[in-house]
Number of protein chains: 2
Amino acid sequence: MTAREVGLPATVPLPTRGDLPERVTIWEVGARDGLQNEDTVVPVETKLEFLDRLADAGLSVLEATSFVHPKWVPQLADAEQLLAGLRQRDGVSYPVLVPNERGLDRALAAGVRHIAIFASATETFANRNLNRSLDEQFAMFDPVVTRARAEGLDVRGYLSMCFGDPWEGPVAAEQVVKVGHRLLDMGCSQLSLGDTIGVATPGQVETVLDGFGSIDALAVHFHDTYGQALANTLAALRCGVSTVDSSAGGLGGCPYAESATGNLATEDLVWMLDGLGVRHGVNLDALADTSAWMAEQLGRPSPSRVVRALRG
Amino acid sequence: MTAREVGLPATVPLPTRGDLPERVTIWEVGARDGLQNEDTVVPVETKLEFLDRLADAGLSVLEATSFVHPKWVPQLADAEQLLAGLRQRDGVSYPVLVPNERGLDRALAAGVRHIAIFASATETFANRNLNRSLDEQFAMFDPVVTRARAEGLDVRGYLSMCFGDPWEGPVAAEQVVKVGHRLLDMGCSQLSLGDTIGVATPGQVETVLDGFGSIDALAVHFHDTYGQALANTLAALRCGVSTVDSSAGGLGGCPYAESATGNLATEDLVWMLDGLGVRHGVNLDALADTSAWMAEQLGRPSPSRVVRALRG
């Protein structure tokens, strides 16, 4: 069954309240943020096929892997192998997460041209995740960004805990804006605002985005822990955000685990964008096939509602 | 863990783009639309405890059951027993679905004061679901509504397939508006626009709502089959809709079935309303407890992401 057959008005762009971007770039994080949160360690050949099929489906930004120490993320311990085997394509970018200078060394050795760093918007999470204060994390990232830029690399800054923090509770928009601007000033070309624990709601999203003044360099990264990811994305689109992070098939969230902590599913995002007449370049049927196949590799249904409805 | 502890900014109403209603009435359909779509037949005592706990949690409209023939909906074959055992409360309404005159007879005999009828926006679904043409369904409903009104009952009209139809594909807004007005003109005090197969997206929601001119008598009823229910609800709220249908714990949708066809989960709606500073009168913790308890009765996790996150 295709999306069209079940009543998706894909060919009838509809008017909508508030401005929407004409086109959205989907920053596909399934292979990195998705797989690093799955219990199953996926073989490198499967990951390569996954990335190939995602590119075939029309996704143009595929976050491929991470150079975080394998002790912390064994699921991505094959980063070098993966990058060596990757059949890169024109028009497709394969950014890689780099936690520190050692990670940058590995990325440069592997020929990576686009990296992402992962900072915290809150003092407590910087402490818990990076064992550093909020200020110290910048001291750690500064040489990474400076060297990467000197080598001609593009650098994205992830900012985590932008809406709520498990230890601090709600995070003030001013705090997010301040820390975010430090990453942009440091040389990040894009800032991805992450709702790491999935607690944000649309008004809060608008408040934070408005706080930045210009939204040109901003992307959003929502988790669906409390079911808010797509509503928050709609709010962000209406603020003018045109880069949205999502995970093919909702990878990283378990459909029957106690807590569904995964990223927004790319298919659920594409369904909404199709209905809104916002271009994105992705073939939903090919993408849903890919996610259904990956769900089989993982031995469980996809957490994406669209995938389960179309391919269940 | 309470909602507040995980970072929900419930006490800080946030500014938001577009007008929002100050207060939303949640029309809780779990006991009817939810349970009629569960495989498990729940004992009447459990249903009564469920309704009691939902009222304790602050819900003020509890659709209790249906007088559809038990052959079609065996899950609700105990409608008379349930209504006889119901401990009604001041300030809480217990509407009951009534399919035809025979159903109205049963409802009146049971002392029901608030009924709902279930019409189709499309010709094909009227045919498939009611074995009648679009016009013939009105001939069937007219004496139901007329008699109910004469008896002093309040009548809600459900309108199904308002956005997409499994046989006809996308449904034109003009068609929905035309059929909807016939139900209002017939004497329905409220019209609930249903996305029965869950295909709608926010722009389409706005187009349909705008088509009605006045939204005062309108409610929305979204299914989460394609993950769009909460984003569509946000769009509807911004059009001024202030009655939203939802199902406690996402009852009626199976969290690991092939297709997640359930209603919007009340908890996921409440989470968003809390964040938006829209009043609703529901205690989220008490509601999540109730839904977690009902999930136990059904022997499976709740499809509500909030319930799984808070009570998983």
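Residues numbered from 1 in each chain as written. Chains lettered and ligands numbered in written order. Predicted model: local features only at pLDDT ≥ 70, side-chain atom pairs only at ≥ 80, totals over all residues. Heavy atoms only, no water.

- As recorded by an unreviewed UniProt entry, chain A carries the name Hydroxymethylglutaryl-CoA lyase and is attributed to Solihabitans fulvus.
- As its UniProt record puts it under Sequence similarities (unreviewed entry), chain A is described as follows: "Belongs to the HMG-CoA lyase family." (UniProt positions renumbered as here; feature names shortened; annotations may be inferred.)

Quick look at the sheet that holds strand β5 (residues 114-120) of chain A
Residues and elements named next belong to chain A.
Point 1. One open sheet holds the nine strands; their spatial order is β2-β1-β11-β10-β9-β6-β5-β4-β3, and the pairing between them is parallel. Only two strands of the sheet have a single partner each, and these edge strands are β2 (61-62) and β3 (65-66).
Point 2. As paired elements, strand β1 (residues 25-28) and β2 share two bridges and run parallel to each other. In the sheet register, Trp 27 faces β2, and the bridge partner there is Val 61.
Point 3. Docked against the sheet, helix α6 (residues 134-150) engages β5 and β6 (154-160), running at close to 170 degrees with respect to β5. (Pairing = 2+ DSSP bridges. Helix = DSSP H or I, 4+ residues; strand = E, 2+ residues; numbered from the N terminus. Contact = heavy atoms within 4.5 Å. Axes fitted to C-alpha atoms, helices over the stretch in contact; angles between N-to-C directions.)

Some words on helix α8 (residues 202-211) of chain B
Point 1. Among the ten residues in α8 of chain B, seven count as buried, and that is most of the element.
Point 2. Within α8 of chain B the residues assigned to the buried category are Pro 202, Gly 203, Gln 204, Val 205, Glu 206, Val 208 and Leu 209 of chain B.
Point 3. Against α9 (229-238) and α10 (266-276) of chain A together with α7 (173-186), β9 (190-195), β10 (218-222) and α9 (229-238) of chain B lie the buried residues of α8 of chain B.
Point 4. At the exit of α8 of chain B stands Gly 213 of chain B, carrying a positive phi of roughly 80 degrees. (Buried < 20%, exposed > 50% of the residue type's maximum accessible area, 1.4 Å probe, protein only.)

Some thoughts on α7 of chain B
Residues and elements named next belong to chain B.
Point 1. Compared with the 20 Å implied by 1.5 Å per residue over 14 residues, the 20 Å span of α7 between its first and last C-alpha is a close match.
Point 2. Burial in α7 covers these residues: Ala 173, Val 176, Val 177, Val 179, Gly 180, Leu 183 and Met 186.
Point 3. A positive backbone phi angle near 125 degrees is found at Gly 187, which sits one or two residues after α7. (Expected span 1.5 Å × (residues − 1).)

Comments concerning the packing of α9 of chain A against α9 of chain B
Point 1. In the contact formed by α9 of chain A and α9 of chain B, the axes pass within 7 Å of each other and the chain directions differ by 50 degrees. Accordingly, the angle class assigned to the pair α9 of chain A and α9 of chain B is oblique. Crossing of α9 of chain A over α9 of chain B shows right-handed handedness. Facing α9 of chain A, whose interface residues are Leu 230, Ala 231, Leu 234 and Arg 238 of chain A, α9 of chain B presents Leu 230, Ala 231, Leu 234 and Arg 238 of chain B.
Point 2. Among the residues making up the contact of α9 of chain A with α9 of chain B, the classes are represented as six nonpolar, no polar and two charged. (Parallel < 35°, antiparallel > 145°, perpendicular 65-115°, else oblique. Left-handed = near helix turned anticlockwise from the far one by under 90°. Nonpolar A, V, L, I, M, F, W, Y, C, P; charged D, E, K, R; others polar.)

So, the sheet that holds strand β1 (residues 25-28) of chain B
Residues and elements named next belong to chain B.
Point 1. Pairing in this open sheet of nine strands is parallel, and the strands run β2-β1-β11-β10-β9-β6-β5-β4-β3 from one edge to the other. Each having just a single partner strand, β2 (61-62) and β3 (65-66) make up the two edges of the open sheet.
Point 2. In this sheet, strand β5 (residues 114-120) lies alongside strand β4 (residues 96-97) in parallel orientation, the contact comprising two bridges. Residue pairing in the sheet places Val 96 in a bridge with Ile 115 of β5.

Regarding the side chain of Asp 224 of chain A
All names here are of chain A.
Point 1. Mapping Asp 224 onto the fold places it in the loop between β10 (218-222) and α9.
Point 2. For Asp 224, a relative accessible area of 14% translates into the label buried.
Point 3. A distance of 3.0 Å separates the side chain of Asp 224 from the backbone nitrogen of Ala 229, its partner in a polar contact. (Polar contact = N/O pair within 3.5 Å; in protein donor to acceptor, adjacent residues only side chain to side chain.)

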